[in-house]
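For reference, the chains in residue letters:
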Amino acid sequence: MKNRRDFLKTAAVATAGAGATTLSAPYVQAATNKTIKWRLQTYAGPALAEHVIKPSIDAFNKVANGEMEIELYFADQLVPTGELFRAMQRGTIDAVQSDDDSIAAPVDISVFGGYFPFATRYSLDVPVLFEQYGLKEIWEEAYGEVDGVTWLSAGAWDPCHFNTVDPINKLDDLKGKRIFTFPTAGKFLSRFGVVPVTLPWEDIEVAVQTGELDGIAWSGITEDYTVGWADVTNYFLTNNISGAWCGSYFANSERWDELPEHLKTLFRLCMDSSHYYRQHWYWGGEAKLRVNGTKLKLTSIDDAEWKTVEDEAEKFWEEIADRTPRTKKVVEIFKQYAADMKKAGKPYRYS
């Protein structure tokens, strides 16, 4: 697999030899009978990608039967995560799996990607919000206003917990802690004294070991064990600020539009298989590792004190709602959904 240096060198040669439009030109027209090739970069590093995307891409390549091949690249391998959207617009890469927030998508609803505080309690909330409460249509509308990128599908990942070097037993323990997290989650957590830190994904483990980071608020316990963060931190806080990460698949619009319908359908089926796999992998893993994991000691902040964080999230929601009519519409959907789930009662909501 190519590294970033090889990729950039190849891109430079192609641009020099064929003009500035070479990278954004269609790879292959169907009439040539040659394999269509895509480069897709995920937000995830290699160990995590083995679960969150690689099985579905392997399946796609197998079933495409030589008509199309997707080359999978990991976090920051070709392009820094924060530059993925622009790279996809230019056609430097063809598709992305990430959240809107991390890739700096230039749409007003990007703030809701990743971990929007307390928007969800469980992973099933995400697909229900998109398929039954109207978020799908809002995302399609927002990205329809941006040239060059097509939003394809959203799904749920794991909840957002803290794993730290020192224990967190009360809110004051968060003050001054340097934490790797997502952009919007970091802005919210800074209200409680957290110092959000942005680093390349592959540098996180070493940053904890050297003391540059005090912890991570980027995942649940399943990822902590899978990617090695449980080896460099000691404690896991059972309170979370979101029940599920909201991530999406995107594609360069020209690449997507040139695909024949059967390959579009195949890609959508593989996205769905990825969404399904993550539902049970995370749900089971979060419970199993809390019970049987030996690397992280569990801590909790009292419910009454944690209510302070939930109350602050309501204020945060209102601030985001005031940005645009569309962000207001999304926040109103979150409110309605939360109210419906509360009225439905157990097992939809226990409190």
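Residues numbered from 1 in each chain as written. Predicted model: local features only at pLDDT ≥ 70, side-chain atom pairs only at ≥ 80, totals over all residues. Heavy atoms only, no water.

Caption draft 1: Main features of the overall build of the protein chain. The helix and strand tally for the protein chain stands at 13 helices and 11 strands. If you line up the protein chain on its principal axes, its C-alpha atoms span 65 × 45 × 35 Å. For the protein chain, the proportion of contacts with a sequence separation of at least 24, taken over those separated by at least 6, is 79%. For the protein chain, the exposed surface amounts to about 15700 Å²; the carbon and sulfur share of it is 52%. When the 38 basic and 50 acidic side-chain charges of the protein chain are each reduced to a single mean position, those positions are 1 Å apart. (Helix = DSSP H or I, 4+ residues; strand = E, 2+ residues; numbered from the N terminus. Contact = heavy atoms within 4.5 Å. Areas by Shrake-Rupley, 256 points an atom, 1.4 Å probe, with all protein chains shown as cover. Lys, Arg positive; Asp, Glu negative; His and termini not counted. Charge placed at Lys NZ, Arg CZ, Asp CG, Glu CD.)

Caption draft 2: Representation of the sheet that holds strand S10 (residues 246–252) within the structure. One open sheet holds the five strands; their spatial order is S2-S1-S3-S10-S4, and the pairing between them is mixed. The strands lining the two open edges of the sheet, one partner per strand, are strand S2 (68–73) and strand S4 (149–156). Each neighbouring strand pair of the sheet contributes to a mean axis angle of 20°, computed without reference to strand direction. Examined bridge by bridge, S4 and S10 share seven bridges and lie antiparallel to one another. (Pairing = 2+ DSSP bridges. Axes fitted to C-alpha atoms, helices over the stretch in contact; angles between N-to-C directions.)

Caption draft 3: Structural detail: the side chain of Arg-278. Structurally, the position occupied by Arg-278 is in helix H11 (residues 261–292). Nearest to the buried, unbridged Arg-278 among oppositely charged side chains is Asp-158, at 7.9 Å. A distance of 2.7 Å separates the side chain of Arg-278 from the side chain of Ser-274, its partner in a polar contact. Of note is the side chain of Arg-278, whose polar atom sits 2.5 Å from the side chain of His-275. When residues no more than four places from it in sequence are discounted, the contact partners of Arg-278 are Val-52, Gln-97, Gly-155, Ala-156, Trp-157, Tyr-249 and Trp-283. (Buried < 20%, exposed > 50% of the residue type's maximum accessible area, 1.4 Å probe, protein only. Salt bridge = Lys/Arg side-chain N within 4 Å of Asp/Glu carboxyl O. Polar contact = N/O pair within 3.5 Å; in protein donor to acceptor, adjacent residues only side chain to side chain.)

Caption draft 4: Structural detail: the pattern of salt bridges. Tallied over the entire structure, the rule returns 18 salt bridges. Between Arg-349 and Asp-125 there is a salt bridge, with the nearest N and O atoms lying 3.1 Å from each other. Of the two residues, Arg-349 sits in the segment after helix H13 (325–344) while Asp-125 sits in helix H5 (residues 125–132), which places them 224 residues apart along the sequence. The burial state of Arg-349 is the same as that of Asp-125; both residues are buried. The salt bridge partner of Lys-175 is Asp-172, with a shortest N-O separation of 3.3 Å. Its relative accessible area of 54% is what places Lys-175 among the exposed residues. Salt bridges here are not isolated pairs; linked through shared partners, they connect Asp-108, Glu-141, Glu-145 and Arg-326.

Caption draft 5: Here's a closer look at the packing of helix H12 (residues 303–321) against H13. Between H12 and H13, whose axes approach to 7 Å, the crossing angle comes to 145°. The residues of H13 that touch H12, namely those facing Trp-317, Glu-318, Ile-320 and Ala-321, are Thr-327, Lys-328, Val-331, Phe-334 and Lys-335. Tallied by class, the residues present in the contact of H12 with H13 amount to five nonpolar, one polar and three charged. (Nonpolar A, V, L, I, M, F, W, Y, C, P; charged D, E, K, R; others polar.)

Caption draft 6: Summary view of the packing of aromatic side chains. The tally for this structure, following the rule as stated, stands at 32 aromatic pairs. Plain terms: the ring middles of Trp-38 and Phe-267 are 5.8 Å apart, the flat faces sit at 70° to each other, and that makes the pair edge-to-face. Linking Trp-38 in strand S1 (residues 36–42) with Phe-267 in helix H11, this pair joins segments that are 229 residues apart in sequence. The interplanar angle of 65° and the centroid separation of 6.2 Å between the aromatic rings of Trp-256 and Phe-267 together place this pair among those described as edge-to-face. Of this pair, Trp-256 sits in helix H10 (residues 253–258) while Phe-267 sits in helix H11; the two residues are 11 residues apart in sequence, bridging distant segments of the chain. The pair formed by Trp-256 and Phe-267 is uniform in burial state, with each residue classed as buried. Among the aromatic residues, those joined into a cluster by ring pairs are Phe-112, Phe-116, Phe-130, Trp-139, Trp-151, Phe-188, Phe-192, Phe-316, Trp-317 and Phe-334. Above the face of the Trp-157 ring, Arg-278 is positioned so that its terminal group lies 3.4 Å from the ring centre. (Phe/Tyr/Trp six-rings, centres within 6.5 Å; stacked < 30°, edge-to-face > 60°. Lys NZ or Arg CZ within 6 Å of the ring centre and 35° of its normal.)

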